[in-house]
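One letter stands for each residue in the lines below.
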Amino acid sequence: MHDMHNTTRAKRVIAPVAIGANATKSGAIIDRQGYGGVQFVVSYGAVTTTGTIVTLVVKEGDVTGTMTSVANADLLGTETLASLPVQATSRTSEVGKNVSKRIGYRGMKRYVTVDAISTGTTSVGCIAISALLHSPSNAPTANP
């Protein structure tokens, strides 16, 4: 099959939530059994403060209780590029607010997740993260 609909599965990692200041949003753990990889899609809402920083940390594990940071070699893209940096000037849409970014995982661990760590100025804005599981061992995949 050469379509994405029958060869992917979407899962929620972090439901849409206010970013807040100096807090960690822990993502749901995704079981990738039966899938070759994961693409995380991070959506940032209308972040209005320039001092807000959101740092993403992708984690992996053979079991759900011992998740560790993923080595850069097992990521497609970087956590830095998928994160939301501080900005010296006002934020613009599709750059520092109202933007979606992505980071892929190509490691071999069964379980993966993403944590979002906010620091800096209190923010009026939101974040949501979804996982797109791909390259299934059996297709078509179940919908939803």
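Now for a quick tour of the structure. (Residues numbered from 1 in each chain as written. Predicted model: local features only at pLDDT ≥ 70, side-chain atom pairs only at ≥ 80, totals over all residues. Heavy atoms only, no water.)

1. A few points about the pattern of salt bridges
- Evaluated as defined, the whole model comprises 3 salt bridges.
- Here Arg 110 ties to Asp 31 by a salt bridge, and the two come within 2.8 Å at their closest N and O atoms. Placement of the pair is Arg 110 in the loop between strand E8 (99-105) and strand E9 (111-120) and Asp 31 in strand E3 (residues 30-31), with a sequence separation of 79 residues.
- Residue Arg 110 is classed as partly exposed on the basis of its relative accessible area of 32%.
- Salt-bridge contacts for Lys 109 lead to Asp 62; the nearest nitrogen and oxygen are separated by 3.2 Å. Note that Lys 109 is positioned in the loop between E8 and E9 and Asp 62 in the loop between strand E5 (52-61) and strand E6 (68-69), a separation of 47 residues in sequence.
- Using a relative accessible area of 28% as the deciding quantity, one classes Lys 109 as partly exposed. (Salt bridge = Lys/Arg side-chain N within 4 Å of Asp/Glu carboxyl O. Helix = DSSP H or I, 4+ residues; strand = E, 2+ residues; numbered from the N terminus. Buried < 20%, exposed > 50% of the residue type's maximum accessible area, 1.4 Å probe, protein only.)

2. With respect to the sheet that holds strand E10 (residues 126-136)
- Pairing in this open sheet of 5 strands is antiparallel, and the strands run E1-E10-E4-E8-E7 from one edge to the other. A single partner strand is all that each edge strand has here, and the edge strands are strand E1 (8-18) and strand E7 (75-76).
- For E7 and E8, the ladder comprises 2 bridges, and the chain directions are antiparallel. Note that in E8 the partner of Leu 76 across the bridge is Gly 104. (Pairing = 2+ DSSP bridges.)

3. Observations regarding the pairing of strand E4 (residues 35-44)
- Judged by how many residues are buried, E4 sits mostly within the fold: 7 of 10 residues are covered.
- Relative to E10, E4 runs antiparallel, the two being bridged by 9 bridges. Within the sheet, the bridge partner assigned to Tyr 44 lies in E10 and is Ile 127.
- Of the pairings in the sheet, the one linking E4 to E8 comprises 7 bridges and is antiparallel in character. Pairing of Tyr 44 across the sheet is with Val 99, part of E8.

4. Description of the environment of Gln 33
- With respect to the element layout, Gln 33 can be found in the loop between E3 and E4.
- For the pair Gln 33 and Thr 49, spaced 16 residues apart in sequence, the C-alpha separation works out to 39 Å.
- At 2.7 Å, the side chain of Gln 33 forms a polar contact with the side chain of Arg 110. (Polar contact = N/O pair within 3.5 Å; in protein donor to acceptor, adjacent residues only side chain to side chain.)

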